[in-house]
Amino acid sequence: MYEILTQLLSIPNYKVVGVEMADDTITLDIKSTLDGAKCHDCGTYCTDLHENHRRTVRDLPISGKACYLRFIRRRFFCSHCGDPFSESLSFVQKRRDYTKRYEARIFHQVKENNVTAVQRLEGLTYDQIESIFLTEAKVRIPANPFANLKRLGIDEISLRKGKQDFVLILSNLDTGNVVDVLEKRTQDKLRFRLEHLTQQERSQIEEVAIDMWEPYSNVCEELLPNAHITVDRFHVAKAVNEELKKLKNQEKKHHPEVIKGAHYPLLKNQEDLTDTQQEKLDQVYETCPTLKMAHRLKEYLRHIFEYHSTKEKAIQRLQKWNRIAEKEHLFPKFRKTLSNWMDKIANYFRQRTTSGMVEGINNKIKLIKRRAFGFRNFGNFRLRVIVAFM
């Protein structure tokens, strides 16, 4: 009578034996087609019924209606062990009120949408959704995310603008996955995490991309003996642009009309400028010779990184850039940084490694926050970020 519903149910060894419909719900009465079950301890197939327990769990919706499965959970007596046991359920986890496939549905909905929308769609409470999501996330996250990891990205991102509330993102630069999120951006936090890797995991890491913060570099050099430390080229560009912006603001005091609207013409890649932006840059060149030279040096440095060359040749070009900048009395802060970090900056040219994907991580985290997940603790936030990149 319920053959089609049994096929739609698609749970091995269970059939539909009844249906109860209400305005917004469908309840399917299902029954096992097996006479007994295997004992969990000895594996003996037992048919001696000990007792029954009624259970109802929520399943995937049918025709837009919430669907529930109602069934008898049987306990059998094992004559070999002398103890009763409950039959195994393939479609629901132990002590859960939802089928495995329904929990997977909630997980993916929360991952791609905001919780409020899922609450409205499914009629569940925040706590129920959170419990399902976190349970599924913990199962899906790899037990050993550092296995086979060879190139590690380390970067920090701000959770709240202007609040100095940073977390440290560890990423696999080959897969684009986030392997961990550390609650603070401190040397001790990074050291603690890396010390908990196995010797094999630490020795297999060949390269680490970092920003120009010496404590990170020191920890990596100490604990990752086979890794080349590479300063991300985007942090190099950021440092140069910061000094260029500072110089622009100084020139603005003397040439306000010319400098007005020159922010993007000075900072964008010159070949990407619109005609209007190029005209503005030409005005800056005509009026502000110091800013003109600073812009040319910024572009020269960018082309050094764009050009494919050996590390040794790149160092020669970077040293030449430094000499020109020194002669022109430009970029004093970055010149010192470049001298101090020359080897690690030039390591970029070995494999052109960058952790630029962290910008994508930043954008995704902003999206997560906009979706108002309402993280109640850092552990929940960490799981949410990691699964977003799976």
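Our structure's up above, just so we're on the same page.
This one's a predicted model, so the numbers in the text were calculated from it and none came from an experiment.

I'm lost on the environment of Thr33 in this one. Help?
Relative to the elements of secondary structure, Thr33 occurs in the loop between β2 (25–32) and β3 (37–38). The class of Thr33 is partly exposed, set by a relative accessible area of 43%. Considering only alpha carbons, one finds Thr33 and Val110, 77 residues apart in sequence, at a separation of 35 Å. Residue contacts for Thr33: discarding those within four places in its chain leaves Asn13, Tyr14 and Lys15.

I tried to follow the packing of aromatic side chains on my own but got confused; where do I start?
When we look at a pair of aromatic rings, we describe it by the centre distance and by the angle of the planes. Inspection of the entire model under this criterion finds 11 aromatic pairs. Considering the side-chain rings of Tyr14 and Phe91, the 5.2 Å spacing of their centres and the 80° angle between planes classify their relative orientation as edge-to-face. Highlighted residues: Tyr14 in strand β1 (residues 14–21) and Phe91 in the loop between β7 (83–86) and α2 (100–112), separated in sequence by 77 residues. Side by side, Tyr14 and Phe91 carry an identical accessibility label, which is buried. Here the aromatic rings of Tyr348 and Phe349 are separated by 5.2 Å at their centres, their planes lie at 80°, and the arrangement is edge-to-face. For the pair Tyr348 and Phe349, one class covers both residues: buried. Ring-pair connections join several aromatic residues into one group, and the members of that group are Tyr14, Phe71 and Phe91. When the ring centre of Phe166 is taken as reference, the NZ or CZ atom of Arg185 above it lies at 3.8 Å. For Arg233, the ring lying beneath its charged end belongs to Phe234, and the centroid distance is 5.8 Å.

Would you explain the pattern of salt bridges in this entry?
Working definition: two side chains of opposite charge can pair if their charged atoms are close together. Taken as a whole and assessed by the stated rule, the structure comprises 22 salt bridges. The salt bridge involving Arg185 is made with Glu156; its shortest N-O contact spans 2.8 Å. A residue pair is termed long-range when its members are at least 10 positions apart, and Arg185 in the loop between β10 (178–182) and α5 (187–195) and Glu156 in strand β8 (residues 151–160) qualify at 29 residues. Overall, the relative accessible area of 29% leaves Arg185 in the partly exposed class.

Procedures and definitions
- Residues numbered from 1 in each chain as written.
- Predicted model: local features only at pLDDT ≥ 70, side-chain atom pairs only at ≥ 80, totals over all residues.
- Heavy atoms only, no water.
- Helix = DSSP H or I, 4+ residues; strand = E, 2+ residues; numbered from the N terminus.
- Buried < 20%, exposed > 50% of the residue type's maximum accessible area, 1.4 Å probe, protein only.
- Contact = heavy atoms within 4.5 Å.
- Phe/Tyr/Trp six-rings, centres within 6.5 Å; stacked < 30°, edge-to-face > 60°.
- Lys NZ or Arg CZ within 6 Å of the ring centre and 35° of its normal.
- Salt bridge = Lys/Arg side-chain N within 4 Å of Asp/Glu carboxyl O.

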